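Commentary on secondary and tertiary structure
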Amino acid sequence: MNKRKPEWLRVKLQGAEKTHGVKEMLNRLSLHTVCQEANCPNLIECFARKTATFMILGSICTRNCTFCNVTKGQTQAVDPEEPANVAKAVEELGLKYAVITSVTRDDLPDGGAGHFAQVIEKLRATEVVVEVLIPDFQGSREALAAVINTKPHILNHNIETVPRLYLTVRPKASYVRSLELLRNSKELDAGIFTKSGIMVGLGEQEEEVLAVLQDLRAVDCDILTIGQYLAPSAKHHPVIEYIHPDLFKKYKQIAYEMGFKYVAADPLVRSSYHAADVSDIIK
Ligand code: SF4
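In this report, the structure presented in the accompanying data block is examined. Because the structure is a prediction, the values reported are computed rather than measured.

What you see with strand β10 (residues 262-265) is no split at all: Y262 and A264 on one side and V263 and A265 on the other are buried throughout. Sheet topology places strand β9 (residues 223-228) next to β10; four bridges connect them, and they run parallel. Considered in β10, the bridge of I223 is made with Y262. For the segment spanning β9, helix α10 (residues 245-258) and β10, crossover handedness is right-handed.

A few words on the environment of V278. Relative to the assigned elements, V278 resides in the segment after β10. Here V278 falls in the buried class, since its relative accessible area comes to 3%. For the pair V278 and D222, spaced 56 residues apart in sequence, the C-alpha separation works out to 10 Å. Other than its neighbours up to four places away in sequence, V278 contacts Y97, I154, I223 and Y262.

Pairing is mixed in the open sheet, where eight strands are placed in the order β1-β2-β5-β6-β7-β8-β9-β10. Each edge of the open sheet carries a strand with a single partner, namely β1 (32-33) and β10. Helix-sheet contacts for α10 involve β8 (193-200), β9 and β10, and the interaxial angle to β10 is about 170°.

Glycine aside, residues mostly have negative phi angles, and peptide bonds mostly take the trans form. Within the chain, L57 stands out as a residue other than glycine whose phi angle is a positive 70°. The backbone of F137 sits at a positive phi, close to 45°, despite the residue not being glycine. Tracing the backbone shows F137 in the loop between β6 (129-133) and α6 (141-148).

Tallied over the entire structure, the rule returns 17 salt bridges. For R63, the salt bridge goes to D136, with nearest N and O atoms at 2.9 Å. Of this pair, R63 sits in the loop between β3 (60-61) and β4 (71-72) while D136 sits in the loop between β6 and α6, placing them 73 residues apart in sequence. Judged by its relative accessible area of 3%, D136 is buried. Its salt-bridge partner being R217, residue D220 comes within 3.6 Å of it at the nearest N-O pair. Judged by its relative accessible area of 35%, D220 is partly exposed. By sharing partners, the salt bridges in this structure join K186, R217, D220, D222 and K261 into a single network.

Reading the values: rules and limits
- Residues numbered from 1 in each chain as written.
- Predicted model: local features only at pLDDT ≥ 70, side-chain atom pairs only at ≥ 80, totals over all residues.
- Heavy atoms only, no water.
- Buried < 20%, exposed > 50% of the residue type's maximum accessible area, 1.4 Å probe, protein only.
- Helix = DSSP H or I, 4+ residues; strand = E, 2+ residues; numbered from the N terminus.
- Pairing = 2+ DSSP bridges.
- Right-handed = clockwise from strand over helix to strand, strands pointing away.
- Contact = heavy atoms within 4.5 Å.
- Axes fitted to C-alpha atoms, helices over the stretch in contact; angles between N-to-C directions.
- Salt bridge = Lys/Arg side-chain N within 4 Å of Asp/Glu carboxyl O.

Note that every value here comes from positions in space, so none of it alone points to a role or purpose.
Structure follows, in structure tokens:
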């Protein structure tokens, strides 16, 4: 049974009319966003500010994370026009910072890494700062290298939750594999900025969260996001706890003491919410 949202999570959804332009453009270019597919609470604010997180490789995922609203099932053909259309959308929106993510495509030999590389190459031909939020490519270092070699500015891979909860929250993923991906990213390109994110309120203990932060620093992760888990529906993993903003502040302070270069920790923070705020540290 999902609990009543506390006052710090009640956002006034104003400005929906300002999102029409972005939605029209996305339809015209046959593009998906994780904003829409994951039913993000910040969508109106971001679209009204003309920013969005593009979701490539279709809108159907091969995995079954219980917190995620993205459709699972029979995947779609990869759209060869997508790299050019993402670049068009970034230009039309006048973005200075673009975030590209995807569903997980365990059905593709390279997990979609080659397609990611094509999108990055298109964007790297412009001035835009490129952040990619990638799946784990089932631990393939070769697939990861294909992405890293096209020089995205930020390599993001979410650790999502604490290891004890993986079986119930992201059963087809592996905590160790996700950490290894972040470590390998630095080995493949020491100059790249790595980023990861965790949701809280899924039943984790404070000391488990701190242990995850330690593990992320041990693989030299630079940027961290911490946000409150919100259940997309009653069919998804229930919210176990609404974490008080004071604990987010505590996590943020400790994370900086651990050496993260940039930390966004707040109930409404999402992996790419205000992502461009890191621009100062990556110059
Ligand atoms: S891998 Fe999990 S979180 Fe990512 S889109 Fe698929 S179901 Fe959602």
